[in-house]
Amino acid sequence: MTLTSDGVTVVVLDERGQRPAVEPPIIALSNIVKSYKMGGVDVLATRGVSFTVAKGEFVAIMGASGSGKSTLMNIIGCLDIPTSGHYSLDGVNIRNLDDQALSRIRNMKIGFVFQGFNLIPRMSALQNVELPMAYAGIKPKERRERAIVALELVGLGQRLEHFSNELSGGQQQRVSIARAISTNPALILADEPTGNLDSKSSNELMGLFTDLHNHGRTIVMITHESDIAEYASRVVELRDGSIISDRLQSARVPSLSTSAGASSQDGDGSEV
Amino acid sequence: MSNMFGNLIMAVRGIGSNWLRTLLTMLGVLIGVASVIVLLAIGTGTSRSIENSIQSLGSNTLTVFSSGGSGTSSGTQIRNTNLNSASVSLISNPNNAPDVQSVSPVITTSVTATKQSSTYSTSVIGSTPSYLVASNYTVSAGRSISAADVTSHAQVIDIGASVASGLFVTGTDPLGQQIELGSARFTIVGLLASKGSTGLTNADAVVIAPYTAVQDQLTGESQSFSELLIQGKSASTLSLAQSEVESVLAAQNDTTVAALPFNVLNQASLISTATSSSKTFTALLGWVAAVSLLVGAIGVMNIMLVTVTERTREIGIRKAIGARKSVVLTQFLIESTVISFMGGVLGAIAGVVVSRFTIAGVKPVLASYSIPLALGVALSVGIVAGFYPAYRAASLRPIDALRYE
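Residues numbered from 1 in each chain as written. Chains lettered and ligands numbered in written order. Predicted model: local features only at pLDDT ≥ 70, side-chain atom pairs only at ≥ 80, totals over all residues.

A. Main features of the overall build of chain B. Within chain B, the secondary structure is distributed over 13 helices and 10 strands. Among the 405 residues that make up chain B, the fraction classed as buried is 41%. (Helix = DSSP H or I, 4+ residues; strand = E, 2+ residues; numbered from the N terminus. Buried ≥ 20, exposed ≤ 12 C-beta atoms within 10 Å, placed from the backbone.)

B. Summary view of the packing of helix α4 (residues 125-135) of chain A against helix α5 (residues 140-153) of chain A. Residues and elements named next belong to chain A. Here α4 crosses α5 at 125°, and the two axes come no closer than 9 Å. In this view, α4 runs oblique relative to α5, as classed from their interaxial angle. The way α4 lies across α5 gives a crossing that is right-handed. For the pair α4 and α5, the contacting residues are Ala125, Leu126, Val129, Glu130, Met133 and Ala134 in the first and Arg143, Arg144, Arg146, Ala147, Ala150 and Leu151 in the second. (Axes fitted to C-alpha atoms, helices over the stretch in contact; angles between N-to-C directions. Parallel < 35°, antiparallel > 145°, perpendicular 65-115°, else oblique. Left-handed = near helix turned anticlockwise from the far one by under 90°. Contact = placed C-beta atoms within 7 Å.)

C. Examining helix α3 (residues 99-109) of chain A more closely. Those residues of α3 of chain A that sit buried are Leu102, Ser103, Arg106, Asn107 and Lys109 of chain A. Those residues of α3 of chain A that are buried are in contact with β4 (84-89), β6 (110-113), α4 and β7 (187-191) of chain A together with α10 (312-320) of chain B.

D. Representation of the pairing of strand β3 (residues 118-127) of chain B in the model. Residues and elements named next belong to chain B. In terms of strand pairing, strand β2 (residues 100-115) meets β3 through nine bridges, oriented antiparallel. Bridge pairing in β3 links Thr109 to Val124. Where β2 hands over to β3, the hairpin turn is made up of two residues, of which Gln116 adopts a positive phi near 50°. (Pairing = 2+ DSSP bridges.)

E. How the structure looks around the nonpolar core. Counting 116 residues, the largest nonpolar core has Val220 of chain A together with Val33 and Ile37 of chain B as the members making the most contacts within it. Filtering out sequence-adjacent residues up to four positions away, Val33 of chain B remains in contact with Leu293, Gly343, Gly344, Gly347, Ala348, Gly351, Ala374 and Ala378 of chain B. Listed in part, the 50 residues of the second largest apolar core include Phe186, Ile188, Leu260 and Val264 of chain B. (Core = buried A, V, L, I, M, F, W, Y, C linked by C-beta atoms within 7 Å.)

F. Highlighting the interface of chain A and chain B. Contacts between the two partners involve 19 residues from chain A and, on the opposite side, 16 residues from chain B. Residue assignment for the side of chain A that touches chain B shows that the elements contributing at least two residues are α3 and α4 of chain A. If you tally residues by element for the side of chain A that touches chain B, the top one is α3 of chain A, at six residues. Class assignment for the residues of the side of chain A that touches chain B results in nine nonpolar, five polar and five charged. (Nonpolar A, V, L, I, M, F, W, Y, C, P; charged D, E, K, R; others polar.)

G. Structural detail: helix α2 (residues 69-76) of chain A. All names here are of chain A. Counting buried positions along α2 gives eight out of eight residues, so the element sits mostly inside the fold. Listed as buried for α2 are Lys69, Ser70, Thr71, Leu72, Met73, Asn74, Ile75 and Ile76. The positive-phi residue at the C-terminal boundary of α2 is Cys78, with phi of around 60°.

H. Highlighting the pairing of strand β8 (residues 206-210) of chain B. All names here are of chain B. Of all the five residues making up β8, five are buried; the element is thus mostly covered by neighbouring parts of the structure. Here β3 pairs with β8 via five bridges, running parallel. Following the sheet pairing, Ser127 is matched in β8 by Pro210. As paired strands, strand β5 (residues 156-159) and β8 are joined by two bridges and run antiparallel to one another. Following the sheet pairing, Asp158 is matched in β8 by Ile208.

I. Spotlight on the environment of Ser92 of chain B. Residues and elements named next belong to chain B. Its place among the elements puts Ser92 in helix α3 (residues 85-92). We classify Ser92 as partly exposed; it has 17 C-beta atoms within 10 Å. Here the alpha-carbon distance between Ser92 and Ser104, two residues 12 residues apart in the chain, equals 9.3 Å.

J. Looking closely at unusual backbone geometry. For Asp240 of chain A, which is not glycine, the phi dihedral falls at a positive 50°. For Asp240 of chain A, the position within the fold is in the loop between β9 (234-239) and β10 (242-248). With phi around 55°, His153 of chain B is a residue other than glycine that occupies positive phi space. For His153 of chain B, the location among the structural elements is in the loop between α5 (147-151) and β5. Given 14 C-beta atoms within 10 Å, His153 of chain B falls into the partly exposed group.

K. Here's a closer look at the packing of helix α6 (residues 169-182) of chain A against helix α7 (residues 199-214) of chain A. All names here are of chain A. α7 packs onto α6 with a crossing angle of 15° between their chain directions and a minimal axis gap of 9 Å. Taken as axis vectors, α6 and α7 run roughly parallel relative to one another. Read as a crossing pair, α6 and α7 show a hand that is right-handed. Packed against α6, whose contacting residues are Gly169, Gly170, Gln173, Arg174, Ile177 and Ile181, the element α7 presents Ser201, Glu204, Leu205, Leu208 and Leu212 at the interface. Residues belonging to the contact of α6 with α7 are distributed by class as follows: five nonpolar, four polar and two charged.

L. Quick peek at the sheet that holds β10 of chain A. All names here are of chain A. Taken together, six strands build an open sheet; the order of strands is β6-β7-β8-β3-β9-β10 and the sheet is mixed. Strands with a single pairing partner mark the edges of an open sheet, and in this sheet they are β6 and β10. On average, each strand axis in the sheet is inclined to that of its neighbour by 15°, with strand direction left out of account. Where strand β3 (residues 58-62) lies against β9, four bridges are found, and the strand directions are parallel. Among the inter-strand pairings, Ala60 is bridged to a residue of β9, identified as Val235. Strands in contact with α6 are β6 and β7; relative to β6, the strand with the most contacts, it is inclined by about 170°.

This is the structure in structure tokens:
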């Protein structure tokens, strides 16, 4: 089944392959429709969304509430299955997968950064970062080393043993970024990552995202704040379940970031 | 397997996050397990004490006693149906009753024994030396009453440990001393080793004397005995001995075995009756305890359901970052199992401790099977009661679970 699915993905690639795409896109959405039953009436959350995200892109998906961006985020995050349409993530067709397989895909391919941080209480920063690697079956010694590296990368090398309730919002969100990158996923998926943060922490966090982007990470970020979307190299805007604009932009340089002092004047993201 | 260990650590941490609640949940299992152990111990203790008191009647014995008056059950008038010396000599004859070891005539009466200012109420058994053997009395000092004593109507006695301690100050040697039984004076020639209290009767509150002397001094001359204590040759031939004795007595009294106005108490059948009734009693107690364990199980299930609801968001996070259904299932199952197993272990300890005390006059005896049984049940309670909540947790869709506030 997976083989056939891969075949489908390859076909999609070939159709779009007039340009010399060396690598397959990380995300290929084609005609994604998601409908919900609400009081006996079918409500369309997305009405045939299609777009691709190439490796190394930093895409912001914008839209007001009700625009379908959360639905899209759930589908991209393999937390939900589209009613119709094709979705392939890093070459794997997501249709026809059961709960077990979806868990595995989420574990291997996606690093989540949620609005509410979503760290597990009663577990230290280190344990939180280790958790997805534990689910992936990585040996304790290796996952501890990798977790330490990830936490040092987000600037929390001094707070490995702190519990989540002992950390500020900005620090918690950095722990969740460390957790997201620890498995070395194909995609970092951030859902309103600055939604619960003050502007200073928000800017620091976006500096971190910019850094990750500069290191070649593929990031998709859902947001409704246009100033946050400015950090991305590409902005996809949704309204009423459809894409109304899809534009490249030169990403904003984080003003308060300490770590992103080096220029992130963006060249790689504008390849399309 | 490090994963399993990690799960265990995680479960313990989860449990530790709400100590009071966990403790109360454990208490349910603890009380259940403890009551299983204690109640089974009481059941076992009761049946042990019943067995002991039957055992104290002697070993392999038949007791023949008059069922009162002349038997008219079959409509036939029977005269002179007594247990007398003739009965004793007939049964003693090996040709008549080959499976009988010994026959002891017994006359019982109650007296107040007096030594100077000390008095003690005791039963007096008038019999022959074979009585001591048949009813498992051993002489710890001095000598047993003898056949010569019986023949010579000697006023000599063997006294039980309770009588000795009731009449004599510790340190004084009762041997050779004289005491009054009622108004008659008897000389102590032997002390009986303690048989211990059997819970129902005190086998040590006894004075044994030659029956001839008892008839002379206490009960008055009579043709009949209160009962006959007959010792069989072995446990397996006790029923055989019983029918021989019954035939002899029937022949002596010119009647049939069925019409015989005597009751024959067969110790072996007494034990088996008592054992089966005490088994029923123990099983009943076991069921009562099982009900309380069931209540504990419901408590565990209830609390696990609450825990799952409370931690819906956490489950959502775990599933979002890649926890498979089986991992979540295992995590919550381990949690419920750890709770109830800890409750089980504490309950077993509590049960063992409580079983050391005498409860309602019964000395509980720990049933060897009760601890593994109770722990096994506690473990299965954890798994069974935890399964549904754990399954519910594992089946949550991450998208719903993450949205849960």
